[in-house]
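A look at the structure
If you want the building blocks of each chain, they are given just below.
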Amino acid sequence: EPVHKEINTADWDVDAAEKGGYEHFMLKEIHEQPAAVRDTVSPRIINGMPDLSQDGVDMQKLKDYRQIFIVACGTAMHAGMVGKYVIEKLARKPVIVDIASEFRYRDPIITKDDLMIVISQSGETADTMAVLRLAKEVGAATLAVVNVVGSSIAREADMVIYTHAGPEISVASTKAYMVQISVMYLLAFELAYANGTMELTAQLGQMPDIIRETLELKDTCSFVASKLVNAESLLYIGRGLDYALSMEGSLKLKEISYIHSESYAAGELKHGTISLITEGMPVIAVATQKKLIEKTVSNIREVKARGAMVILICDNSIEVGEGVADYIIRLPQTDEQLMPMAAAAPLQLIAYYTSVLKGNDVDKPRNLAKSVTVE
Ligand code: M6R
């Protein structure tokens, strides 16, 4: 029986699989982020409007689903967290985000009236794949946000939005995260178009330049890394979108530096975690959301009063009082909804330089694989 195979072409070139003069793939991939975002976003902004119709996404249908689920693993799930905040805030649609390995075994309430969005760089993650199948079994619509063309998840989903990051070789995901959140913004802006997201869409189109500017903070990030390298444990704190981003910052650091770190919603500290703070313990506070800044600063003061060494990441318009932080990383300004895209690279660079200073194998951290195809 002749078998007819569908041919999918990936436009990845050989250079993309080489270090191109960088010491590690991770550093190269961090620097590829402006181009990855441009390639992912620009073709999907048409006449100033987000447009996912070429990906086979029917926006009218998307608006009608009862409930949106976003399910993924690790970094991809953190991108989903950003998606939840922006979709709920701008489009006023309820979004449930979950870890694939939890979602699939908790007898989830998902029906044919729902939309399941799965996010995966590799498109091969076993638990994410299982969730996709589970959603299909109950008749829910499925949309995959995937980087690898023709991967299993991309093939099985009803709709696919490909991210254009090119091959990501370092185990620690960087550029794939950046493009995953770019797609979350495109979805949110298109879903919320009636609520006036044209300016935000224009700003999204400018993000490659903003990200490029943040890469110039690499010396500051390397200096901050020198302050973390001997720590046994540290905390990342933030509120709202800053909390979503902190989760990713913390994962990146622990994954490649092997230093224990946790991300915490800043307002939760006093419900237990603040007891961990001892003299000199590093706390990385992300504070880019204007409405929440006062609250976050008050949490920072609480940890500072207990001896923490505070590294504050905020935009350059925010005024912080004397002595609030030991070190400040100032980000270029953009709309606060888009600040995770401005803050992501500095957090990745902090993790990268900490790992380098520790002499670790940055691109292949111990015990980890790039693609997790087992449960
Ligand atoms: O290929 P996927 O995006 O499905 O992978 C999911 C996670 O395994 C992955 O994001 C992992 O958390 C990264 N190594 C983190 O840097």
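Attention in this report is confined to the structure presented alongside it. (Residues numbered from 1 in each chain as written. Predicted model: local features only at pLDDT ≥ 70, side-chain atom pairs only at ≥ 80, totals over all residues. Heavy atoms only, no water.)

1. Side note on the pairing of strand E8 (residues 233-238)
- Of all the 6 residues making up E8, 5 are buried; the element is thus mostly covered by neighbouring parts of the structure.
- As defined by bridge partners, E8 adjoins strand E9 (residues 260-265) across 6 bridges and the pair is classed as parallel. Across the sheet, residue Tyr236 finds its bridge partner in E9, namely Ser263.
- After leaving E8, the chain enters helix H11 (residues 241-257) and then returns to the sheet as E9, a path that is right-handed.
- For E8 and strand E10 (residues 282-287), the ladder comprises 3 bridges, and the chain directions are parallel. Paired with Ile237 across the two strands is Ala285, which belongs to E10. (Buried < 20%, exposed > 50% of the residue type's maximum accessible area, 1.4 Å probe, protein only. Helix = DSSP H or I, 4+ residues; strand = E, 2+ residues; numbered from the N terminus. Pairing = 2+ DSSP bridges. Right-handed = clockwise from strand over helix to strand, strands pointing away.)

2. A word on empty space enclosed by the protein
- Across all of its chains, the model carries 1 cavity of 30 Å³ or more by this definition.
- Approximately 40 Å³ is the volume found for the largest cavity.
- Taken together, Tyr177, Leu245, Glu248, Gly249, Lys252, Ala344, Leu347 and Gln348 make up the lining of the largest cavity.
- Within the residue set of the lining of the largest cavity, elements represented by two or more residues are H11 and helix H13 (339-357).
- The biggest single contributor to the lining of the largest cavity is H11, with 4 residues. (1 Å grid on protein atoms, 1.4 Å probe; cavity = no way out; pocket = protein on both sides within 12 Å on 5 of 7 lines; lining within 4 Å. Points joined across faces, edges and corners; volume = space filled by probe spheres on them.)

3. Here we look at the layout of surface pockets
- Estimated volume of the largest pocket: approximately 670 Å³.
- If you trace the largest pocket, you find 30 residues lining it, with Cys73, Gly74, Thr75, Lys370 and Val372 closest to the centre.
- Breaking the lining of the largest pocket down by element, the ones donating at least two residues are helix H4 (74-91), strand E5 (115-120), helix H6 (126-137) and H11.
- If one sorts the elements of the lining of the largest pocket by residue count, H4 sits on top with 4 residues.
- Partitioning the lining of the largest pocket into residue classes produces 13 nonpolar, 12 polar and 5 charged.
- Its boundaries defined by the atoms lining it, the second largest pocket holds a volume of some 330 Å³. (Nonpolar A, V, L, I, M, F, W, Y, C, P; charged D, E, K, R; others polar.)

4. Some words on the sheet that holds E8
- Strand order in the open sheet formed by 5 strands is E9-E8-E10-E11-E12, with parallel pairing between adjacent strands. Each of the sheet's edge strands pairs with one partner strand only, and the pair in question is E9 and strand E12 (327-331). Taking the axes of each pair of neighbouring strands and ignoring which way they run, one obtains an average angle of 15° across the sheet.
- Relative to the sheet, H11 contacts E8, E9 and E10, its axis offset from that of E9 by approximately 175°.
- Of the strands in this sheet, E8, E10 and strand E11 (309-315) touch helix H12 (residues 293-305), which is tilted by about 170° from E10. (Axes fitted to C-alpha atoms, helices over the stretch in contact; angles between N-to-C directions. Contact = heavy atoms within 4.5 Å.)

5. A look at the environment of Gln60
- In this structure, Gln60 sits in helix H3 (residues 59-64).
- Under the relative-accessibility criterion, Gln60 is labelled partly exposed at 46%.
- Between the alpha carbons of Gln60 and Ile46 there is a distance of 17 Å; along the sequence they are 14 residues apart.

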